[in-house]
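One letter stands for each residue in the lines below.
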Amino acid sequence: MEQQIRVRFAPSPTGYLHIGGARTALFNWLYAKHHGGTFVLRVEDTDLQRSTKEYEKAIPQGMKWLDMLWDEGIEMGGDYGPYRQTERIGLYRQYAQELIDKGYAYKCYCSPEELEAERNACLERGEDMPRYSGRCRELTLEQQAELEAEGRKPVIRFKVPENKQIVIHDSVRGDVIFDSSTIGGDFIIMKSDGMAAYNFAVVIDDALMKMTHVIRGEDHISNTPKQILIYEALGFALPQFAHISMILGKDRTKLSKRHGHTAVDKYETEGYLPEAIFNFLALLGWSPEGTEEILTKDQLIEQFSLERVAKNPAVFDVDKLKWMNNHYLREADLDRVTRLSLPHLVEAGFLDSEEIEDKKFNWLKGIVDLVRERVGCLKELPKEVKLFFTDEFGFETEEAEVIMQEETAPTVVRLFMQKLKELEMLEPPAIKKIFKAITKETGLKGKQVFMPVRVALTGQMHGPDMPEMICILGREKALQRMDRTLHSDKL
RNA sequence: GGCCCUAUGGUCAAGCGGUUAAGACACCGCCCUUUCACGGCGGUAACGGGGGUUCAAGUCCCCCUAGGGUCACCA
């Protein structure tokens, strides 16, 4: 019987769900699902200053949007709770005391100012890495009492052994070796506010929550030796580590706000489908065995493995995301896409409100269906559908103007208008027939027929399928628009 | 700067000693639809440099270079 896999995503609620965080969560999620394991969501809110309830809500929200649900954790409960670090403080204190009792840790009374001065001194001496001197290591009980009488609040530091090799057996990187003397000296495990420090809390939680694998960003790899030291001191079994590389921006630095949108909810508001983000993120740093890149959730679960996770960082390519989103946009249920389009149409001023009656909604559906294959995200919709909402237009480009200046252009447009007027039923096939007839009658080439009509209708040289477009526009409007172009003072 | 990681086209990437070095996005061309788009077909484009090891190196080793990460009472 295979060991029950347990993995977790452990964000700190100091910001919205980030693309990088979402990818880390996704890899954990896929790994758990692939092995029939458990995916835990834990909140690391030990930074009392920066953690907020708002963010703590935003992160699960983002995960739900991506349809990446957790089996255990906040909002969900489970056998290893609580799942919020601020609620686990008793545990941390207990284990910190155990470390002190066993001689692995000690109280340190240095003030932030003193430490700052010490760091600066290190730097001035030309040392490459500032490290804590360990001056409080040998304090006697009396000295500690004295310091405390001064009103000093201690932190608890872990004693880092000298010249000890610490090796991380990493699933994606292989063995990574650190020397204990390069990790910065005795580090803090309990802060003076009584809260556990990150490197301590993760270990206690991961161990107590029985995590079998810790899959997280590469930015945590330099913390890992510290954590391993704690695992060993407490006699906890090590989880299997897997450090996945960073997601980079166009300039090849770690993805951040500077690179545009990094919060997952931004992608939601810009009109990306969660299944597109899901699929795209899965392919960032992992690749399937086959060549197919459009993969369903089930396919991803089935195919995912840590062995195929890439070691090198990946640049986030919005163009490819748009291509993929476009694919899902076309595939998605039309009612859903139309509903998601509403806010963008309101934003553009084409709609007063998202509350619209069925008749208008159905009309909108036709429009959305006509243009959804042309956009990478719904935010791009307004410029594609503008012609259905306003009759104000001019020649979009000089090229378009030139089309109308063509000798045969006005003739073609007039001919088209006339035939459109005579039409009994306004429907796409009938309009198609008109184009055919004009081509035949005039002997002109397709382009010389279609283009003038398109430009006369929209001022543009590109746009959605014309027969469909004209039907949605309606006969009167179409005629009016063409007539206006014909009388443009630019001609 | 110290420590750690990484290095195949512009981007994502396959490759795990012997290949004409996949595929995708983007770009370009052709075809299709008598327009635009979709779609189909094709094209441009890569193993950072230098040493080894080997009959054979994109694949293994070393050095250099470049990029990234990290050095807090933040996580």
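It should be emphasised that the depicted structure is a prediction, and the values quoted were computed from it without experimental measurement.

Definitions and limits used
- Residues numbered from 1 in each chain as written.
- Chains lettered and ligands numbered in written order.
- Predicted model: local features only at pLDDT ≥ 70, side-chain atom pairs only at ≥ 80, totals over all residues.
- Heavy atoms only, no water.
- Helix = DSSP H or I, 4+ residues; strand = E, 2+ residues; numbered from the N terminus.
- Contact = heavy atoms within 4.5 Å.
- Expected span 1.5 Å × (residues − 1).
- Buried < 20%, exposed > 50% of the residue type's maximum accessible area, 1.4 Å probe, protein only.
- Arc of directions from axis to C-beta.
- Pairing = 2+ DSSP bridges.
- Axes fitted to C-alpha atoms, helices over the stretch in contact; angles between N-to-C directions.
- Right-handed = clockwise from strand over helix to strand, strands pointing away.

S.K.: Would you mind going over the side chain of His243 with me for this structure?
M.R.: The topology assignment puts His243 in strand E10 (residues 240-244). Other than its neighbours up to four places away in sequence, His243 contacts Asp170, Val172, Arg173, Arg216, Gly217, Glu218, His220, Ile221 and Thr224.

S.K.: What is the right way to read helix H17 (residues 428-442) from this model?
M.R.: One turn of an α-helix holds 3.6 residues; hence residues three or four places apart share an orientation. With 15 residues, H17 ought to run about 21 Å at 1.5 Å a step, and its terminal C-alpha atoms sit 21 Å apart, in line with that. Every buried residue of H17 is listed here: Ala430, Ile431, Ile434, Phe435 and Ile438. For H17, the arc enclosing every buried residue in end-on projection is 150 degrees, short of the 170-degree limit, so these residues lie on one face. Away from the buried face of H17 by more than 90 degrees, exposed residues Pro429, Lys432, Lys433, Lys436 and Lys440 are located. Looking at the buried residues of H17, the elements they touch are helix H16 (409-422), helix H18 (446-458) and helix H19 (466-473). Phi turns positive one or two residues past the end of H17, at Gly443, with a value near 75 degrees.

S.K.: What is the right way to read the sheet that holds strand E8 (residues 187-190) from this model?
M.R.: Across a sheet, paired strands are connected by hydrogen bonds in the backbone, their directions being either parallel or antiparallel. In space, the three strands of this open sheet follow the order E4-E5-E8, with antiparallel pairing throughout. Lying at the two open borders of the sheet, with one neighbouring strand each, are strand E4 (105-108) and E8. Direction aside, the axes of adjacent strands within the sheet are offset by 45 degrees on average. Bridge count for strand E5 (residues 155-158) against E8 is three bridges, and the pairing is antiparallel. Across the sheet, the residue bridging to Arg157 is Ile188, located in E8.

S.K.: Would you mind going over the sheet that holds strand E2 (residues 38-41) with me for this structure?
M.R.: Read across the sheet, three strands follow the order E1-E2-E3 without closing on themselves; strand pairing throughout is parallel. Bordering the open sheet on either side are strand E1 (6-9) and strand E3 (72-73), each of which pairs with just one other strand. One ladder, built from four bridges, connects E1 with E2; its direction is parallel. Following the sheet pairing, Arg6 is matched in E2 by Thr38.

S.K.: How should I be thinking about the pairing of E1 in this particular structure?
M.R.: On a regular strand, each side chain points to the face opposite its neighbour's, so the side chains alternate between the two faces of the sheet. Every second residue of E1 is oriented toward a common face, with Arg6 and Arg8 on one face and Val7 and Phe9 on the other, all of them buried. In this view, the connection linking E1 to its parallel neighbour E2 by way of helix H1 (residues 19-34) has right-handed handedness.

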